[in-house]
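Spelled out, the chains give:
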Amino acid sequence: MHWADFTAERLRDERGEQQVACSGITPSGEFHIGHLREILSAEMIHRACLDAGLDSRYIFIVDSMDPLRRVYSFLSPEYERYIGCPLAFIPAPDSNGNPDPEAGSYADHFLTPFLEALGQIGVFPEVIMNHETYSNGEFAAKIHSTIEQADAIREIIESISGRELDENWFPYKPLGSDGSMDGVTVTGYENPFVHWTDRHGKSGSADIRKADGKLPWRIDWAARWGIHGVTCEPAGKDHGAAGGSFDTGLPICRLLGSEPPSKMVYEWIQVKGAGPMSSSSGNTIGPVEALSLVPPEIVRYLIAGSKMNRHIDFDTGSALFQMADEYERLVANPPDSEEEGLSKRQKVAAVTNRGAMKFSQLERGADPADSLGGVSFRHLSMLAQIKSSDEDVWTSMRASGHLTGEPNESLSQRLTRMRNWIGSIHFPEDARIHIHKSISAEARAEISEEQRIFLSSLAEELAESDWSEQAIGTTIREVAPACGIGGREAYIALYWALLGRNHGPKASALLFEIGRESVIALLSS
RNA sequence: GGGCCUGUAGCUUAGUCAGGUAGAGCGCCGGGCUUUUAACCCGGUGGCCGGGGGUUCGAAUCCCCCCAGGCCCGCCA
């Protein structure tokens, strides 16, 4: 069974009909591909719950109340003054990394393009800005309860995480007079006010019913589970480590009177050969960039087709072909778990693969067959290289029976993405079609005397023939027997001359695109 | 130091939770398609399931030990 369906069943057993799947991300910088695993893992479980007939919501909590930790490399030193301030309350950077008072909040700045990217992969979560949950008072009861039980919470964190908390530790961090929570000391609590003194010597009171401060991360996480009734929140393996925030969150959540989701941990995505992704290291391929290159179903399939506990190497090179092949093969020929003679393990595999296919669809319940667009990813990569205009691609596809009528929106976008990929540094060199200017020594060594004569005869004939794909094809097939070789031999010779290989995309189409003069120059060389 | 994950064919891996004769794709090799869009179709090659012990009628699967690799343990998905 697919992991998402399996999880949905477990959730029903644990928590019943009402399910809330949740993701949480801090918008501290550019979002990266790794965040998609957080999002998609939860979203697929949500879909699986719906498929299982459960009443499920999928919420995306943006940690907009989290403070700016430090001045990241893409920020100007001016951000120094905002360290410790909630991301929702500080200005977004402009293109030079300087704070731009006109550009809205820092949190929104990074969140907006990410949400747009999510839409492209069919993810439409209920977005909850955590600072709003503070400002509208929803956190107040949990904060009060936290402060009342501060000693017990301290005991949980110290014993489970092994960390020793400072003597002045207080389980609520008020914002000081400058809006930062750094250097603020709590001096007392009178519900609903937390009194404080900041590093400038000023003092004040934070209202726990407002966004005047926040709970420390480990408590914040545990508290929100209760506030939103979260029943499932897959977390990155950093949170999953022994003594990590998941382990402390479970008892804290119960202490605050709610039932936590059970622990669920996923492995990280890495850029092939480049170590873990991180928003601040600059080692990123943004979801926005990735989705400009890769079909959205394939991005979903990357996650849906991998078990949660496995690393994923995100490879925007030749592995994309393999992944697309795999997906297309699966969709074209869905495995049937009811088939006679399958062993138990083959049945399991069949059901799992069908699940992966199901969760890869942009729209829940859509027919996977509709996602193919009539042409394989590999094939499209060739057409896009051979044909410079989109219209010629469609013409070619109509001629080959891959397309009838006008291309739909999805196919059209596939071509656009393909062209982006081909034009990017990610496109694998060995998939790139390099047209030779003259016949290489290697090619000469590979072809026979008859084939050589064929090539020069072809050059002569093409000088006279009509310049259309069809006429070129006809000429090739006429010239070949005249030189005493079969069609196969003729094409092999042609591919050696054109590409330095013994096979390739449709030769007449290639020649047509190259142009008469270049072709004749090449074949006569 | 504490912990997690991974190790199955040349490569990517399924199967491990619920033990029952090792599956797939890519690659490679061979054949077919007598107009060859890296296509498509057919066939083949290829694995002491990291190593060792144990439980069992039976172990890739469960238990123990070891080896190797990756990662987490301040914020980070």
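**Observations regarding a negative patch on the surface**
A cluster of acidic side chains, namely E460, E461, E464 and E478, defines a negative patch on the protein surface. Looking at the negative patch, the element that brings in the most residues is helix α18 (residues 449-464), giving three residues. Considering the arrangement of structural elements, one finds E460 in helix α18.

**Points about the protein's contact with RNA strand B**
If you check the shell around RNA strand B, you find 47 residues, and the closest are G236, K237, H379, R488 and K506. The separation between a sugar or linking oxygen of RNA strand B and a polar side-chain atom of Y266 is 2.6 Å. Separating a sugar or linking oxygen of RNA strand B from a side-chain N or O atom of R477 is a distance of 3.4 Å. With four residues, the top contributor of residues to the surface near RNA strand B is helix α20 (residues 487-499).

**A closer look at the packing of α18 against α20**
One way to put it is that α18 packs onto α20 with a least axis distance of 9 Å and a crossing angle of 75 degrees. Of the possible angle classes, the one that applies to α18 and α20 is roughly perpendicular. Of the residues in α20, those in contact with Q451, F454, L455 and L458 of α18 are E489, A490, I492, A493, L494 and A497. Taken together, the residues that form the contact of α18 with α20 break down as eight nonpolar, one polar and one charged.

**Brief notes about the side chain of S76**
Structurally, the position occupied by S76 is in the loop between β2 (55-62) and β3 (91-93). S76 gets classed as buried once you look at its relative accessible area, which sits at 7%.

**Focus: the nonpolar core**
Membership of the largest hydrophobic core comes to 82 residues, with the highest contact counts inside it found for I45, L68 and Y106. Setting aside residues up to four positions removed in sequence, L68 forms contacts with L75, Y79, Y82, I83, G84, C85, L87, I90 and Y106.

**Considerations on the sheet that holds β2**
Strand pairing within a sheet occurs via backbone hydrogen bonds; the two strands may be parallel or antiparallel. With parallel pairing, three strands are arranged side by side in an open sheet as β1-β2-β5. The open sheet has two free edges, formed respectively by β1 (18-25) and β5 (126-129), since each of these has just one partner strand. For this sheet, the mean angle separating the axes of adjacent strands, direction not counted, is 30 degrees. Taken together, the four bridges between β2 and β5 define a ladder with parallel strand orientation. Looking at β5, one finds that V62 is bridged to M129. Packed on one face of the sheet, helix α2 (residues 33-51) meets β1 and β2 and runs near 170 degrees to β1.

**Some thoughts on the pairing of strand β9 (residues 203-207)**
Residues in a regular strand point their side chains to alternate faces of the sheet. With five bridges joining them, strand β8 (residues 193-197) and β9 adopt antiparallel strand pairing. Bridging from a neighbouring strand, W196 pairs with G204 of β9. The antiparallel hairpin formed by β8 and β9 contains five residues in its connecting segment, where G201 sits at a positive phi of about 85 degrees.

**Quick notes on the sheet that holds strand β7 (residues 185-190)**
Pairing within the open sheet is antiparallel, and its three strands lie in the order β7-β8-β9. Of all the strands in the sheet, the pair left with one neighbour each is β7 and β9. When strand polarity is set aside, the average angle formed by the axes of neighbouring strands in this sheet is 25 degrees. Two strands pair when backbone bridges link them, and β7 and β8 are joined in this way by five bridges, in the antiparallel orientation. Counterpart to E190 in the pairing with β8 is F193.

**Digging into the packing of aromatic side chains**
Applying the stated criterion across every chain, the model contains 19 aromatic pairs. Relative to Y106, the ring of Y79 lies with its centre 6.0 Å away and its plane at 70 degrees, an arrangement referred to as edge-to-face. On the criterion of sequence distance, the pair formed by Y79 in the loop between β2 and β3 and Y106 in helix α3 (residues 106-120) is long-range, its members being 27 residues apart. Grouping residues by exposure puts Y79 and Y106 together as buried. A centroid spacing of 3.9 Å and a plane angle of 10 degrees characterise the contact between Y134 and F139, whose relative ring orientation is stacked. Across this residue pair, the class does not change: Y134 and F139 are buried. Cluster of aromatic residues (ring-pair linked, three or more members): Y72, F74, Y79, Y82, Y106 and F110.

**Thoughts on the packing of α20 against helix α21 (residues 507-514)**
For the pair α20 and α21, interaxial distance at closest approach is 11 Å and the crossing angle is 35 degrees. Here the hand of the crossing between α20 and α21 comes out left-handed. Residues Y491, L494, Y495, L498 and L499 of α20 touch α21, and the partners they reach there are A507, L510, L511 and I514. In terms of residue class, the contact of α20 with α21 is built from nine nonpolar, no polar and no charged.

**So, a nonpolar patch on the surface**
On the surface, M1, F6 and V351 cluster together into a nonpolar patch covering about 280 Å² of accessible area. With respect to the helices, strands and loops of the structure, M1 is situated in the segment before α1 (3-15). Accessibility expressed as a relative area gives 42% for M1, which makes it partly exposed.

**Digging into empty space enclosed by the protein**
By the definition in use, this model includes two cavities of 30 Å³ or more. Considered as a void within the structure, the largest cavity measures approximately 70 Å³ in volume. Contributing to the lining of the largest cavity are P295, E297, I298, A324, Y327, E328, S371, L372, F377 and R414. Of all the secondary-structure elements, those providing two or more residues to the lining of the largest cavity are α11 (296-304) and α12 (319-332). Element by element, the count of residues in the lining of the largest cavity is highest for α12, at three residues. Tallied by class, residues from the lining of the largest cavity come to six nonpolar, one polar and three charged. Empty space within the second largest cavity amounts to approximately 30 Å³. L293, P295, F377, R414, R417 and M418 are the residues that line the second largest cavity. For the lining of the second largest cavity, the element with the highest residue contribution is helix α16 (residues 409-423), accounting for three residues. Along the lines of polarity and charge, the residues of the lining of the second largest cavity split into four nonpolar, no polar and two charged.

The rules we used
- Residues numbered from 1 in each chain as written.
- Chains lettered and ligands numbered in written order.
- Predicted model: local features only at pLDDT ≥ 70, side-chain atom pairs only at ≥ 80, totals over all residues.
- Heavy atoms only, no water.
- Patch = residues over 30% accessible without salt bridge, like charges linked within 9 Å, V, L, I, M, F, W, Y side chains within 5 Å.
- Areas by Shrake-Rupley, 256 points an atom, 1.4 Å probe, with all protein chains shown as cover.
- Salt bridge = Lys/Arg side-chain N within 4 Å of Asp/Glu carboxyl O.
- Lys, Arg positive; Asp, Glu negative; His and termini not counted.
- Charge placed at Lys NZ, Arg CZ, Asp CG, Glu CD.
- Helix = DSSP H or I, 4+ residues; strand = E, 2+ residues; numbered from the N terminus.
- Near = heavy atom within 4 Å.
- Polar contact = N/O pair within 3.5 Å; in protein donor to acceptor, adjacent residues only side chain to side chain.
- Axes fitted to C-alpha atoms, helices over the stretch in contact; angles between N-to-C directions.
- Parallel < 35°, antiparallel > 145°, perpendicular 65-115°, else oblique.
- Contact = heavy atoms within 4.5 Å.
- Nonpolar A, V, L, I, M, F, W, Y, C, P; charged D, E, K, R; others polar.
- Buried < 20%, exposed > 50% of the residue type's maximum accessible area, 1.4 Å probe, protein only.
- Core = buried A, V, L, I, M, F, W, Y, C linked by side-chain atoms within 4.5 Å.
- Pairing = 2+ DSSP bridges.
- Phe/Tyr/Trp six-rings, centres within 6.5 Å; stacked < 30°, edge-to-face > 60°.
- Left-handed = near helix turned anticlockwise from the far one by under 90°.
- 1 Å grid on protein atoms, 1.4 Å probe; cavity = no way out; pocket = protein on both sides within 12 Å on 5 of 7 lines; lining within 4 Å.
- Points joined across faces, edges and corners; volume = space filled by probe spheres on them.

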